[in-house]
Amino acid sequence: MAKVEQLQLPKQAMERSRIGQARAVVVGEATPAERDATPASARATVSSTMDETEIARVEEAFARTQRRISQKNATRQIVLNVVGVAIFLAIWEILPRSISGLNLLLFPPPSGIVDALRDLLSSGDLLWDAAASIARALGGFAVGGVLGILVGLLTARVAPLRFMSDPVLHGFRSIPAIALVPLAVVWFGIGEMSKIALITWGTFFPVWINTYLGARDVNPAFIRSAQSLGVGSASLLVRVILPGALPLILAGLRQSLAIALVVMVAAELVGASVGLGQLIASAQQIFRIDHMFVGLLALGAIGFALDHLFVLVAHHLFPWYGRT
Amino acid sequence: MLAAPVRDAPAGAADPLVEVDGVSVLYPVKGRRPSWALRDVSLSIGPQDFVCAVGPSGCGKTTLLYLIAGFIKPTIGAIKLNDRLIHGPGPDRGVVFQEYALFPWLTVRDNVEFGPRTRGVPADERARLVAEYLELINLTRAGDQYPFELSGGMRQRVAFARALVNKPRLLLMDEPFAAVDAMTRSSLQQELVKLWQHEQCASFFITHSVDEAVYLGTKVVVMSPHPGRVDSVIDIDLAYPRDRNTMPYRELIRTVQGALASHG
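Note that this is a predicted model, so its numbers are computed, not measured.

Draft legend 1. Structural view of the overall build of chain B. Summing up its helical and strand segments, chain B has seven helices and ten strands in all. Rg of the C-alpha trace for chain B: 19 Å, near the compact-globule value of 18 Å for 264 residues, within the 12% margin. Projected onto its principal axes, the C-alpha positions of chain B cover 55 × 45 × 40 Å. Put simply, chain B has 264 residues, and 53% of those count as buried. Sequence-distant contacts, at least 24 apart, represent 70% of the contacts inside chain B between residues at least 6 apart. Surface accessibility of chain B: about 12,000 Å² in total, with carbon and sulfur atoms responsible for 51%. Charge-centre separation for chain B: the mean point of 29 positive side chains lies 5 Å from the mean point of 29 negative side chains.

Below, the structure is given as structure tokens:
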């Protein structure tokens, strides 16, 4: 396949460029003395074997071929993506119907879920639930993220604070946020407060530990440079340690964004009047398996979209991120 | 043993800019006796000097530079800048490191502006300074690029501009050309000589290349390890820009090599 795609240049041009290359090699290997012995006219011919129009023609042909190849590859990738999804949906559609005695209400095929999706969309329930869930997840994420960055910076760069907080923070870090759901319900009820508190708890630790590592291990040359440029210790924290730790901070935030969704669902399953977790829980009680699937689908889509949005925003705000 | 004069007091001894006086630095070694990174080192740098320190790894070159920069403190002895003890790093001593120490999160312009901004230089004055120094290193057009978009040689030139824009009295360089290719290195060396002459600040330059030391320096300090110490100071009385294909140049190279070999 790839061989067929190769450059199709005029034969003449190919030969000439080969001649040019061969001569260039000879000149390149010549010792300075030999080069001086070569007449200037002979050296000049090396660069003039192809004239301007020919160079332009070869370049254009090359660019055209490259464009065609990359277009073809892009199209093929999209087609294969669609084919993969189609095969998956087809199997899912056929399988429940082809097994005799299987209740389609318990194992709904895609067509059934599309109906449920349309119902839930037109009633506005789905959008309302999704909005409530996203607001909770992002609210807790914001509080947990900001706290995580602050505590991470301070514990990394202020030694007494680190030694005092180490045992407590590492002890708490080992408790899964989901295990705290019953306690949160007792303390804060089943309103927004308990959900935000749980998500804050779950998102705080990955941000803290990553910020801590990033700030502790900032390239010492950055710190020394800044100090010899006249920076004081407070300004060092904001202008050097924070951006120096940013690659790891962003990694922690991204991890926490996923955790925010997990904790959000766990909190909503226990009790909520609105939210995707509540949608799934109440669908179970009324035996609407298709509604459960719609809820799962929405969660998947939201997680995927938030993660991509995060990466997009990170690269937009920090063009240097991930580059060296 | 040495062909060149070995002196304790360099030219301009009347008022040296930097005075390193009987300095020793000990490093703790777990389970063993502490190790001497430097033992009883004395050195002075005049306000117009370009001092190059050469020596094998472990001879304490970088320790000496860090002492003068103020990143570390001597275990014994004193380091003075203009007769005042050095207490820590500051903008009067610019530092250029061997690795790329530019801030990767800032553009070229913002990297150069870092020092003036930190020192509270007003915005219009800052902009003028940054433009002047970008011009000086011929990177005016790269102002909005990030370090990752630059070649190794360009990054080091920005590192020079970032240090010099503060108008330091002393420029400290820790093998700044170690990571660039040979061709880039020789053009950076020429540019550095011009920058030094233009800025008229003292320079302290660490290298393990004898040629680089003789090409750049007004003085070469030969150091040796275990414990790190200064063996000899050799004057390089050659006019700039220097020509490597002259007898005096080659003789000085031999002298420095001889000094290194006799103590290695």
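From this point on, the discussion continues.
Draft legend 2. The arrangement of the confidence of the model for chain B in detail. This prediction gives chain B a mean pLDDT of 90; 94% of its residues lie at or above 70. Throughout residues 1–13 of chain B the model reports pLDDT below 50, and contacts reaching past four residues in sequence, or to other chains, amount to 19 contacts.

Draft legend 3. Region of the structure containing the nonpolar core. In terms of nonpolar packing, the biggest core is built from 62 residues, with Val 240 and Leu 276 of chain A together with Phe 103 and Phe 114 of chain B touching the most fellow members. Counting residues per element, this core draws most heavily on helix α11 (residues 233–270) of chain A, which supplies 16 residues. Setting aside chain neighbours within four positions, we find Phe 103 of chain B in contact with Phe 222, Ser 225, Ala 226, Leu 229 and Val 240 of chain A together with Asn 111, Phe 114, Pro 147 and Arg 162 of chain B. If you look at the next biggest cluster of nonpolar residues, it comprises 49 residues, including Val 54, Met 173, Leu 192 and Ile 236 of chain B.

Draft legend 4. Looking closely at unusual backbone geometry. All names here are of chain B. The residue after His 226, namely Pro 227, is reached through a cis peptide bond having omega -5°. Note on placement: Pro 227 falls in the loop between β9 (219–224) and β10 (229–235). At the junction of Tyr 240 and Pro 241, the peptide bond is cis and its omega measures out at -10° in the coordinates. Along the chain, Pro 241 falls in the loop between β10 and α7 (247–263). One non-glycine residue with positive phi stands out, namely Asp 40, at about 50°.

Draft legend 5. Region of the structure containing a nonpolar patch on the surface. Together, Val 79, Val 83, Ile 87, Ile 91, Leu 95 and Ile 99 of chain A line one region of the surface with nonpolar side chains, adding up to about 510 Å² of accessible area. Position of Ile 87 of chain A relative to the elements: it lies in helix α4 (residues 52–98).

Draft legend 6. A look at the environment of Val 193 of chain B. Tracing the backbone shows Val 193 of chain B in helix α5 (residues 182–199). Not counting residues up to four positions away in its chain, the partners in contact with Val 193 of chain B are Tyr 215, Leu 216 and Tyr 240 of chain B.

Draft legend 7. Summary view of the sheet that holds strand β4 (residues 76–81) of chain B. Strand order in the open sheet made by the four strands is β2-β1-β4-β5 (chain B), with antiparallel pairing throughout. Of all the strands in the sheet, just β2 (35–45) and β5 (84–85) of chain B have a single pairing partner and so form its edges.

Draft legend 8. Spotlight on the environment of Ala 234 of chain A. Residues and elements named next belong to chain A. Relative to the assigned elements, Ala 234 resides in helix α11. A residue is classified by how much of its surface remains accessible, and Ala 234, at 57% relative accessible area, is exposed. Along the primary structure Ala 234 and Thr 200 are separated by 34 residues, whereas in three dimensions their C-alpha atoms are 27 Å apart.

Draft legend 9. Representation of the sheet that holds strand β3 (residues 50–54) of chain B within the structure. Residue and element names in this part refer to chain B. The strand order across the open sheet formed by six strands is β6-β7-β8-β3-β9-β10, and the pairing between neighbours is mixed. Across the chains shown, the open sheet's two edge strands, defined by having one partner strand only, are β6 (93–96) and β10. Each neighbouring strand pair of the sheet contributes to a mean axis angle of 20°, computed without reference to strand direction. Those strands touched by helix α4 (residues 152–164) are β6 and β7 (170–174), and its axis lies near 170° from that of β6.

Draft legend 10. Just the packing of aromatic side chains, in detail. As enumerated under the stated definition, the model contains 23 aromatic pairs over all chains in all. With a centroid separation of 4.7 Å and an interplanar angle of 45°, the aromatic rings of Phe 103 of chain B and Phe 114 of chain B are classed as tilted. Placement of Phe 103 of chain B in the loop between β6 and α2 (108–118) and of Phe 114 of chain B in helix α2 is noted, with a sequence separation of eleven residues between them. Phe 114 of chain B carries the same exposure label as Phe 103 of chain B, and that label is buried. Here the aromatic residues Phe 172, Trp 201, Phe 204, Phe 205, Trp 208 and Tyr 212 of chain A are joined through ring pairs into a cluster of three or more.

Draft legend 11. Quick look at the pattern of salt bridges. All names here are of chain B. Across all of its chains, the model carries 20 salt bridges over all chains by this definition. Arg 157 is the partner of Glu 191 in a salt bridge, and the nearest nitrogen-oxygen pair spans 3.6 Å. Note that Glu 191 is positioned in helix α5 and Arg 157 in helix α4, a separation of 34 residues in sequence. The exposure class of Arg 157 is buried, given its relative accessible area of 17%. Of the charged contacts in the structure, one is a salt bridge between Asp 231 and Arg 229, with a shortest N-O distance of 3.8 Å. The class for Arg 229 is partly exposed, based on a relative accessible area of 28%. Each of Glu 125, Arg 128, Glu 132 and Lys 167 takes part in one network of salt bridges that share partners.

Conventions and cut-offs
Residues numbered from 1 in each chain as written. Chains lettered and ligands numbered in written order. Predicted model: local features only at pLDDT ≥ 70, side-chain atom pairs only at ≥ 80, totals over all residues. Heavy atoms only, no water. Helix = DSSP H or I, 4+ residues; strand = E, 2+ residues; numbered from the N terminus. Rg over C-alpha atoms; globule rule 2.2 N^0.38 Å. Buried < 20%, exposed > 50% of the residue type's maximum accessible area, 1.4 Å probe, protein only. Contact = heavy atoms within 4.5 Å. Areas by Shrake-Rupley, 256 points an atom, 1.4 Å probe, with all protein chains shown as cover. Lys, Arg positive; Asp, Glu negative; His and termini not counted. Charge placed at Lys NZ, Arg CZ, Asp CG, Glu CD. pLDDT = per-residue confidence, 0-100. Core = buried A, V, L, I, M, F, W, Y, C linked by side-chain atoms within 4.5 Å. Patch = residues over 30% accessible without salt bridge, like charges linked within 9 Å, V, L, I, M, F, W, Y side chains within 5 Å. Salt bridge = Lys/Arg side-chain N within 4 Å of Asp/Glu carboxyl O. Pairing = 2+ DSSP bridges. Axes fitted to C-alpha atoms, helices over the stretch in contact; angles between N-to-C directions. Phe/Tyr/Trp six-rings, centres within 6.5 Å; stacked < 30°, edge-to-face > 60°.

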